[in-house]
Amino acid sequence: MTVSPSKSADPGSQPMIAMRGVQKHFGSLHVLKDIDLEVPAGQVVVVLGPSGSGKSTLCRTINRLEPIDEGEIRVEGQLLPAEGKDLARLRADVGMVFQSFNLFSHKTILENVTLAPTKVRKKSKADAGKRALELLERVGIASQKDKYPAQLSGGQQQRVAIARSLAMDPKVMLFDEPTSALDPEMVNEVLDVMVALAKEGMTMLVVTHEMGFARKAADRVIFMADGAIIEDAEPDTFFTDPKTDRARDFLGKILGH
Ligand SMILES: Nc1ncnc2c1ncn2[C@@H]1O[C@H](COP(=O)(O)OP(=O)(O)OP(=O)(O)O)[C@@H](O)[C@H]1O
C-alpha cells in the first residue's frame, strides 16, 4: 500500500505508525484482515467506512487497547509491547480521545489535565500545572479550570479530554468518533480544536463521520469495509472519484448523492 503524499516525512525516516499484516478476530469474526498501513509524521488520516467495518478496532490496536492476533505494529519504529512499563510509555506517546470523554468526575478540570503527566511523565506539579493551563487556554477552557466535569457541556468536556491527552506530549493522536456523542451545536467547537492541531503538524488518525473535517483537515482518507482497507487516497480523489462500489454506496448514503 502506498503512503500518500502531501505532508510526507523525510525520506529514510521512520513512519510514525507502521502496521504490517495485522489480523484480529473476535471469536469467529475476522475484524481486521491483513492490514498494512504506514502513516508518516505529521500526516492526518481520516478513517471512513460503514458501521462494523473495523474502524474503532483498528484505532484501538495502535495503543494496544486491543491485542492483535498476527502481524506487527510499530510506533516510530518501536514494536508495540504486549505489556509492562514499555506499554505504559507507549500509551503516553499515543494519545487517544474517545466518543465518551472519560474524565475523572471527582477531579477538577485542571486536576484532570495534570494527573497523568505527574504520574507517568514524572513532571513536577508546578510544571504540569503550567503546561495544563497553556493547553486549557489553547482549547478555550482555561476559565473553567476549577470546575468539575459535570459542570461543563459535552463539547467543553471533550476539549478538556483533548487537552488531557496533549498534556502527555504524545507523538500521535488517535480520535475515535470524538464528536458523535455531542449535541450538533457543540460538534464544531471540538472539530475546530482538531483542525488547529492538524495544522500544527500533529500526526493524527481520526475515525469520524464528519465529512467536513475529512475535506478540510485530512491529508489522506482510508476507507474500510469488512475489516480491510479497500481505498487509500487524498480526500479530493476519494470524495470525487471513489474506486469501489462499496465506497460509492457509502458516500451516496452519507452525502445524499
Ligand atoms: N470487544 C468486542 N467483542 C466482540 N466483537 C466486537 C468487539 N468489538 C467490536 N466487535 C465487533 O467487531 C466488528 C468491528 O467493530 P468496530 O467497532 O471496530 O467497527 P466500526 O467500523 O468502528 O463500527 P461503528 O462505526 O459502528 O463504530 C463489529 O462487528 C463489532 O460488533
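- Within an unreviewed UniProt entry, the label attached to the chain reads ABC-type polar-amino-acid transporter, and the organism entered is Gordonia alkanivorans CGMCC 6845.
- UniProt lists a comment for the chain under the heading Catalytic activity (unreviewed entry), and it reads "a polar amino acid(out) + ATP + H2O = a polar amino acid(in) + ADP + phosphate + H(+)".
- The UniProt entry for the chain carries the following comment under Sequence similarities (unreviewed entry): "Belongs to the ABC transporter superfamily."

1. Here we look at the nonpolar core
Step number 1: With 50 residues, the main nonpolar core has I162, M204 and F213 as its most contacted residues.
Step number 2: Among the elements that make up this core, the one with the highest residue count is helix α6 (residues 184-199) (nine residues).
Step number 3: With sequence-adjacent residues up to four places away left out, F213 is seen in contact with V44, V46, L191, M194, V195, M204, V206, T208 and A218.

2. Some thoughts on helix α4 (residues 125-138)
Step number 1: With 14 residues, α4 ought to run about 20 Å at 1.5 Å a step, and its terminal C-alpha atoms sit 20 Å apart, in line with that.
Step number 2: Within α4 the residues assigned to the buried category are A128, G129, A132, L135 and L136. Looking straight down α4, one finds that the buried residues subtend no more than 130° of arc, so they occupy a single side. Across α4 from its buried face, at more than 90 degrees, point the exposed residues A126, K130 and E137.

3. Observations regarding the site of the ligand
Step number 1: Near the ligand the following residues occur: F26, L29, V31, P50, S51, G52, S53, G54, K55, S56, T57 and E177.
Step number 2: Within the backbone of S56, an N or O atom sits 2.8 Å from an oxygen atom of the ligand.
Step number 3: Contact with the protein chains covers 59% of the free accessible surface of the ligand, which is 630 Å².
Step number 4: Among the secondary structure elements, those contributing two or more residues to the shell around the ligand are β2 (29-39) and α1 (55-61).
Step number 5: For the shell around the ligand, the element with the highest residue contribution is α1, accounting for three residues.
Step number 6: Class assignment of the residues belonging to the shell around the ligand gives a composition of four nonpolar, six polar and two charged.

4. Some words on the sheet that holds strand β3 (residues 44-48)
Step number 1: Taken in spatial order, the six strands line up as β6-β7-β8-β3-β9-β10 in an open sheet, and their pairing is mixed. In this open sheet, the two strands that pair with only one neighbour each are β6 (94-97) and β10 (228-233). Across the sheet, the mean angle from the axis of one strand to that of its neighbour is 20°, orientation sign disregarded.
Step number 2: Across five bridges, the pairing between strand β7 (residues 172-176) and strand β8 (residues 203-207) is parallel. Looking across to β8, one finds that D176 is bridged to V207.

Rules and cut-offs
Residues numbered from 1 in each chain as written. Predicted model: local features only at pLDDT ≥ 70, side-chain atom pairs only at ≥ 80, totals over all residues. Heavy atoms only, no water. UniProt positions renumbered as here; feature names shortened; annotations may be inferred. Core = buried A, V, L, I, M, F, W, Y, C linked by side-chain atoms within 4.5 Å. Buried < 20%, exposed > 50% of the residue type's maximum accessible area, 1.4 Å probe, protein only. Helix = DSSP H or I, 4+ residues; strand = E, 2+ residues; numbered from the N terminus. Contact = heavy atoms within 4.5 Å. Expected span 1.5 Å × (residues − 1). Arc of directions from axis to C-beta. Near = heavy atom within 4 Å. Polar contact = N/O pair within 3.5 Å; in protein donor to acceptor, adjacent residues only side chain to side chain. Areas by Shrake-Rupley, 256 points an atom, 1.4 Å probe, with all protein chains shown as cover. Nonpolar A, V, L, I, M, F, W, Y, C, P; charged D, E, K, R; others polar. Pairing = 2+ DSSP bridges. Axes fitted to C-alpha atoms, helices over the stretch in contact; angles between N-to-C directions.

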